[in-house]
Structure formats: structure tokens, C-alpha cells
Amino acid sequence: MALTRAKAEFTLHPYDHDPDAQAYGEEAADALGVPYERIFKTLVAEVEGGLAVAVVPVAGKLDLKALAGALGGKRAAMAEAAKVERVTGYVVGGISPLGQRKQLPTVVDSSALDFETIYFSAGKRGLQIETAPANLITLTRAVTAPIGRAA
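My aim in this report is to walk through the structure given alongside it, one point at a time. Residue positions are given per chain, counting from 1 as you read along its sequence in written order. Whole-chain, interface and lining totals are the exception, using all residues; otherwise, since this is a predicted model, local features are given only for residues with pLDDT of at least 70 and side-chain atom pairs are given and counted only at 80 or more. To get the side-chain values, take all heavy atoms of the structure and skip hydrogens and water.

**Examining the overall build of the protein chain**
Now for step 1: Under the scheme used here, helices are H or I runs from DSSP no shorter than 4 residues and strands are E runs no shorter than 2 residues, and both carry numbers assigned from the N terminus. Along the protein chain, the regular secondary structure elements total five helices and 10 strands.
Now for step 2: At 14 Å, the protein chain has a C-alpha radius of gyration in line with the 15 Å of a compact globule built from 151 residues.
Now for step 3: Taking the principal axes of the C-alpha coordinates as reference, the protein chain spans close to 40 × 35 × 30 Å.
Now for step 4: Relative to its 151 residues, the protein chain shows a buried fraction of 44%.
Now for step 5: Areas reported here follow the Shrake-Rupley algorithm with a probe of radius 1.4 Å; residue values treat only the protein chains shown as occluding. For the protein chain, the accessible area works out to roughly 7,800 Å², and carbon and sulfur atoms hold 51% of it.
Now for step 6: Placing the 16 positive and 17 negative side-chain charges of the protein chain at their respective mean positions leaves the two points 11 Å apart. We take the radius of gyration over the C-alpha atoms and set the globule estimate at 2.2 Å times the residue count to the 0.38 power. Only protein chains enter the accessibility calculation, which uses a 1.4 Å probe; a residue is then buried when its area is under 20% of its type maximum, exposed when over 50%, and partly exposed in between. Charge counting follows a simple rule: Lys and Arg are positive, Asp and Glu are negative, and His as well as the terminal groups are ignored. Lys charges are placed at NZ, Arg charges at CZ, Asp charges at CG and Glu charges at CD.

Put into C-alpha cells, the structure is as follows:
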């Protein structure tokens with residue numbers, strides 16, 4: 001695991017995943033008793049013809065225009081689920097920003113910096129990682145920008 005190799009502090013938080021759940025991030029937050037603002041979802045979008053990762057709080061939505069702007073583009077659109085799974089190696093609902101098959105440009109919502117630790121998918125449904133935002137930003141070579149907006 002990337003966090004282990006980097007000797008970064010982290011905690012794994014397993015929970016019972018409901019196969020009927022549609023809102024995976026909210027399910028994780030509720031199961032772990034963590035505020036929605038501290039659980040981050042990993043989304044993949046097409047930005048100027050290439051894929052990019054957006055990490056935003058489950059409390060809100062991704063601002064596609066802000067994501068494109070953070071990466072020097074004009075437009076972004078959500079990528080198809082099948083393509084995302086193929087490129088990242090993860091299933092939707094369990095996509096981690098870490099350990100993807102291919103390193104994609106990554107943008108972490110700047111609100112992550114408001115917390116000592118944040119939670120995000122560990123690569124499968126029913127498992128979250130808790131670590132300092134700086135660890136995630138460093139390991140994904142991410143930029144931070146205000147790419148989340150209220151739901």
C-alpha cells in the first residue's frame with residue numbers, strides 16, 4: 001500500500017457495506033459516525049480529452065468547471081463507469097485515489113486542508129482510510145483547489 005511504503009500514518013476503517021446502497025460515501029459516513037464533510041469521494045472525469053481524479057467531500061458535489069480550471073482546462077464531464085473501472089482497477093463505490101493502475105492528474109478539494117485527518121476509500125466498498133490530507137496530496141501528486149460545491 002502506498003501509505004505504508006511512504007511510512008505515513010493511517011488507520012483503516014472497515015464497515016459493513018450494504019449491497020443495495022447507492023450513495024457509497026454517505027453510507028461510509030453513517031456507518032463510521034463521521035461527518036459528511038470529512039469523508040471524501042473519489043470521482044473520475046474527462047478533462048480536455050484525458051482522465052483526471054477529483055477528491056471531494058461527500059457532503060457536496062463536484063464542480064466540473066472548477067475541476068477543469070484547476071487542471072488548466074475549460075470543460076470537464078464525468079467519465080463512464082466502465083472506463084473508470086478499467087483505468088483505475090477499482091469498482092465504482094470503491095475507487096481509491098491511491099494505488100490506481102495509472103497515475104492520473106488529481107485535484108483534492110481545498111476543504112480537506114481544514115481537517116487534521118480525512119477519510120476516503122481504501123479501494124473496495126466497506127473500507128475507508130483515515131490519514132492526514134497532506135499524505136493523500138503528496139502520494140497522488142495532487143493540487144488543491146475549491147472544486148466541491150454544496151449539494
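There's more to say after this.
**Considerations on the side chain of H13**
Now for step 1: Of note, H13 is situated in strand β1 (residues 10–14).
Now for step 2: A distance of 2.7 Å separates a polar atom in the side chain of H13 from a polar atom in the side chain of E130. Nitrogen and oxygen atoms within 3.5 Å of one another constitute a polar contact, given that in protein one can donate a hydrogen and the other can accept it, and given that sequence-neighbouring residues count only through two side-chain atoms.

**Thoughts on unusual backbone geometry**
Now for step 1: Unusually for a residue other than glycine, R141 sits at a positive phi of about 55 degrees.
Now for step 2: Considering the arrangement of structural elements, one finds R141 in the loop between α5 (133–140) and β9 (143–145).
Now for step 3: A residue is classified by how much of its surface remains accessible, and R141, at 65% relative accessible area, is exposed.

**What to know about the side chain of Q128**
Now for step 1: Take Q128: it is sitting in strand β8 (residues 127–131).
Now for step 2: Here the side chain of Q128 touches F120 through a polar contact of 3.3 Å, landing on its backbone nitrogen.

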